[in-house]
Structures are given as C-alpha cells and as structure tokens.
Amino acid sequence: MMVPHERPRVLLLTSCPLDGAEGSDVRLASDVLEALPDVDFVWFAQWPDHRRHPPRRGRPVRMLTRSGSAHTPHRVQAALTGAVFARRVDLVHVFLTVGRAFPLFSRLRPLLLGGGRSSTP
C-alpha cells in the first residue's frame, strides 16, 4: 500500500501581515509563497481587512492591525503567534528587515521558536 506524500507545512514569519504594508520582507515572503506550490504555508493576515488582496494559497492567521505596518505591537503579536505556530509546522522561514529590533529578536529566537544550543552537564 502506497502512503500519500504529505506536503511540508511552513510558517512564513514576517513582522507584519502579508496583505498589509509593503516592505522588502513581505515582498520576499510573498514571492516564496507563490514560487513553491507543493508547500502548505501558514502566514499572517491583516484583521480587520483593509488593504490589498491577500495571497490565494496557504492558511492565513489573523493579526489585529489597523495599518498593516510593522509597528511594535504588530511585531509582538507576530513573535507570540509565531511561537505558537512554530510548534505546529515542519519549518519556520523568517523574513525580517534588519533594524533596531533585530539584535533583540536574535537573542529571543531560541525561546520563541525553539532550537538553539542545548545545555549538557
């Protein structure tokens, strides 16, 4: 009996919704989503809907935002929601613009997404 091949589940972790404000990280994540049809993507969507059309593929996860821009409250939502969904997918693909908050994210990444160094006695 042949077992059907399961498509990998991938979280596209961005600092703002894919259907929100335009930015290089959002454009790159959208391009990856469109370029890989054999992958089931989970991505952040703007709620309430105000902006451009969302991607037609994948599973949107609603994020409360009025502007769709990557302000501190949206980044916190993305980090916390990403931490939850990181444990439900096979891979987390992070798209972040390197800026003032990047060093903090780098230090918190192992706590939020898992992985990192393991401690041995």
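My aim in this report is to walk through the structure given alongside it, one point at a time. Note that the coordinates shown come from a computational prediction; the quantities given were computed from them, not determined experimentally.

## Things to note about the packing of aromatic side chains
(1) Moving on: Enumeration according to the criterion identifies zero aromatic pairs in this entry.
(2) Moving on: For R88, the ring lying beneath its charged end belongs to F85, and the centroid distance is 5.2 Å.

## Re the pairing of strand β2 (residues 40-47)
The side chains of a regular strand alternate, first on one face of the sheet and then on the other.
(1) Moving on: The buried fraction of β2 is high, at six of eight residues.
(2) Moving on: Alignment of strand β1 (residues 9-14) against β2, held across four bridges, turns out to be parallel. When the sheet's bridge partners are listed, R9 is paired in β2 with D40.
(3) Moving on: The pairing of β2 with strand β3 (residues 59-64) spans six bridges and is classified as parallel. When the sheet's bridge partners are listed, V42 is paired in β3 with R59.

## Quick look at the sheet that holds strand β4 (residues 91-95)
(1) Moving on: Across the sheet, which stays open at both edges, the four strands sit in the order β3-β2-β1-β4 with parallel pairing between neighbours. Each edge of the sheet is formed by a strand with only one pairing partner; in this case those strands are β3 and β4. Taking each pair of neighbouring strands and ignoring which way they run, the sheet shows an average axis angle of 30°.
(2) Moving on: By the bridge criterion, five bridges tie β1 to β4 in an arrangement that is parallel.

## Let's talk about the pattern of salt bridges
(1) Moving on: For the structure on display, the rule yields two salt bridges.
(2) Moving on: Among the ionic pairs, D40 bridges to R7, the shortest N-O distance being 2.3 Å. Of the two residues, D40 is situated in strand β2 and R7 in the segment before β1; the sequence distance between them amounts to 33 residues.
(3) Moving on: When its relative accessible area of 32% is taken as the criterion, D40 is described as partly exposed.
(4) Moving on: The shortest N-O distance in the salt bridge between D90 and R9 comes to 3.4 Å. Residue D90 is found in the loop between α2 (72-86) and β4, and its partner R9 is found in strand β1; the two are separated by 81 residues along the sequence.
(5) Moving on: For R9, a relative accessible area of 38% translates into the label partly exposed.

Parameters and conventions
Residues numbered from 1 in each chain as written. Predicted model: local features only at pLDDT ≥ 70, side-chain atom pairs only at ≥ 80, totals over all residues. Heavy atoms only, no water. Phe/Tyr/Trp six-rings, centres within 6.5 Å; stacked < 30°, edge-to-face > 60°. Lys NZ or Arg CZ within 6 Å of the ring centre and 35° of its normal. Buried < 20%, exposed > 50% of the residue type's maximum accessible area, 1.4 Å probe, protein only. Helix = DSSP H or I, 4+ residues; strand = E, 2+ residues; numbered from the N terminus. Pairing = 2+ DSSP bridges. Axes fitted to C-alpha atoms, helices over the stretch in contact; angles between N-to-C directions. Salt bridge = Lys/Arg side-chain N within 4 Å of Asp/Glu carboxyl O.

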